Amino acid sequence: MDMTMRWFGPGYDPVTLDKIRQVPGLKGVITTLYGKQPGDEWKKEELLALKKNVEDAGLKIAGIESINVHDSIKTAGKDRDMYIQRYIDSLKTTAAAGINLVCYNFMAVFDWTRSDLAKLRNDGASVMSYDEKIVSQINPDNMFDVMQEKAGGCLLPGWEPQRMAKIKELFEMYQDIDEDTLFKNLEYFLKAIMPECEKLKIKMAMHPDDPGWSVFGLPRIMKNKQDLLRLVNTINNPYNGITLCSGSLGTNPDNDIPDIIRSLKERIHFAHVRNVRHNGYRDFEESAHLSCDGSLDMYAIMKALYDIGFDGPLRPDHGRQIWDEVSVPGYGLYDRAIGLSYLSGIWEAIKKGSVC
């Protein structure tokens, strides 16, 4: 298992590689060609330049998060085959750069949703949070503006301004798309790319929906154990797997995350491990990674990953904003470094305890 951190790249991330490399136990970063729109062609020279930037800092690229899927693929638009071919071309570029892991999602319109990006905690830190009562009062056409205002002008991953400028058009694209239709479109996409993934030896790691329920009436198809098993069983290929995100799955307290891990075994290609605190029905906030600070049992999650022999990249996920750090919301260095050290300590204790 390799400990990593997400890094958004030069010009986008105020956390620099020279700082990231100082975190004990960290071996690499998860990154992307940030600024690329869904459907854009990835050029080999751009990715190789990013790879060189990372390797010159003494690190490696452990995976790509994400090559975003164009909405025409998700909605079976008339030009979806063209965009699937572009996606395959981007996978070829990724493989040519020596990278064999791609995290992606199949969420409609919004990659993730929060009602607050800096909710103040009693300890003075701030966290991202979600309250259905607040979200239900927001006009979905204005959701991008609300998020950007809360982000203080910082560019948010998955909320590309060029794409969100067409938000009304996006909602129209999905107006006749229900969960079954969205899943069939996912199946079509995966059947098209899996032969190439096998040739290129690229593992596709589906990220769960965040939060794990429908927002603004949009379909969500990666919410729970049943959905994830449907994914890997429908396209029964070892290169078709998931990103185990404890935070996204943890938004729904009914999800038994250790059980989900054990049920998926070899099909977990990548892991995001973080904690959340449930405050009520569809009301949660992110927390420090420690079990005692949230509602998830982080030891049980890490133990389940160890028990299935997980050996892919793992990263701490959204952290608190602490010590007046300015960063992409959820992606400050300080709290993620604390989280990584905590998760590394759990892993070491489990590993040593298993051979005693």
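Residues numbered from 1 in each chain as written. Predicted model: local features only at pLDDT ≥ 70, side-chain atom pairs only at ≥ 80, totals over all residues. Heavy atoms only, no water.

Caption draft 1: Main features of the sheet that holds strand 11 (residues 283-286). Here we have four strands laid out as an open sheet, ordered 5-6-11-10, and antiparallel in their pairing. Only two strands of the sheet have a single partner each, and these edge strands are strand 5 (116-120) and strand 10 (276-280). Strand-to-strand twist in this sheet, taken as the mean axis angle between neighbours without regard to direction, amounts to 35°. Here strand 10 runs beside strand 11; their pairing, made up of four bridges, is antiparallel. The residue of strand 11 that forms the bridge with R277 is E285. (Pairing = 2+ DSSP bridges. Helix = DSSP H or I, 4+ residues; strand = E, 2+ residues; numbered from the N terminus. Axes fitted to C-alpha atoms, helices over the stretch in contact; angles between N-to-C directions.)

Caption draft 2: Up close: a nonpolar patch on the surface. The grouping of W323, Y334 and I338 at the surface amounts to a nonpolar patch, some 340 Å² of accessible area in total. Mapped onto the elements, I338 comes out in helix 14 (residues 333-354). Of the residues examined, I338 reaches a relative accessible area of 34% and is grouped as partly exposed. (Patch = residues over 30% accessible without salt bridge, like charges linked within 9 Å, V, L, I, M, F, W, Y side chains within 5 Å. Areas by Shrake-Rupley, 256 points an atom, 1.4 Å probe, with all protein chains shown as cover. Salt bridge = Lys/Arg side-chain N within 4 Å of Asp/Glu carboxyl O. Buried < 20%, exposed > 50% of the residue type's maximum accessible area, 1.4 Å probe, protein only.)

Caption draft 3: Focus on the nonpolar core. Ranked by size, the top nonpolar core spans 95 residues in total, and within it I20, L186, F189, I193, M204 and M302 carry the most contacts. Ranked by the residues each element gives to this core, the list is headed by helix 9 (residues 179-200), at eight residues. For M302, the residues in contact, after removing those within four places along its chain, are M3, V273, L314, L343, I346, W347 and I350. (Core = buried A, V, L, I, M, F, W, Y, C linked by side-chain atoms within 4.5 Å. Contact = heavy atoms within 4.5 Å.)

Caption draft 4: Main features of the packing of helix 9 against helix 10 (residues 225-234). Where helix 9 meets helix 10, the axes come as close as 11 Å, and the angle between the chain directions of the two elements is 35°. Along this stretch, helix 9 crosses helix 10, giving a crossing that reads as right-handed. Residues D180, F183, L186, E187 and L190 of helix 9 lie in contact with helix 10, whose contacting residues are R230, L231 and T234. Among the residues forming the contact of helix 9 with helix 10, the class breakdown is four nonpolar, one polar and three charged. (Left-handed = near helix turned anticlockwise from the far one by under 90°. Nonpolar A, V, L, I, M, F, W, Y, C, P; charged D, E, K, R; others polar.)

Caption draft 5: Representation of the sheet that holds strand 2 (residues 26-31) in the model. Judged by pairing direction, the barrel is parallel, and its eight strands sit side by side in the order 1-2-3-4-7-8-9-12 before closing back on the first. Across the sheet, the mean angle from the axis of one strand to that of its neighbour is 30°, orientation sign disregarded. Contacting strand 4 (101-104), strand 7 (203-206) and strand 8 (240-245), helix 9 crosses the sheet at an angle of about 155° to strand 7. Of the strands in this sheet, strand 1 (2-6), strand 9 (268-273) and strand 12 (313-316) touch helix 13 (residues 298-307), which is tilted by about 165° from strand 9.

Caption draft 6: Representation of the packing of aromatic side chains within the structure. For the structure on display, the rule yields 13 aromatic pairs. Consider the rings of F8 and Y34, whose centres lie 5.4 Å apart with planes at 40°: the pair is tilted. Here F8, found in the loop between strand 1 and helix 1 (17-20), pairs with Y34, found in the loop between strand 2 and helix 2 (44-56); they are 26 residues apart in sequence, far enough to count as distant. Y34 carries the same exposure label as F8, and that label is buried. Measuring from ring centre to ring centre gives 5.6 Å for Y130 and F284, while their planes differ by 10°; the resulting arrangement is stacked. Taken together, the residues Y130 in strand 6 (residues 126-131) and F284 in strand 11 connect sequence positions 154 residues apart. With respect to burial, Y130 and F284 carry one shared label: buried. Among the aromatic residues, those joined into a ring-pair cluster are F8, Y12, Y34 and Y331. Directly above the ring of F183 sits R230, whose terminal nitrogen or CZ lies 3.7 Å from the centroid. (Phe/Tyr/Trp six-rings, centres within 6.5 Å; stacked < 30°, edge-to-face > 60°. Lys NZ or Arg CZ within 6 Å of the ring centre and 35° of its normal.)

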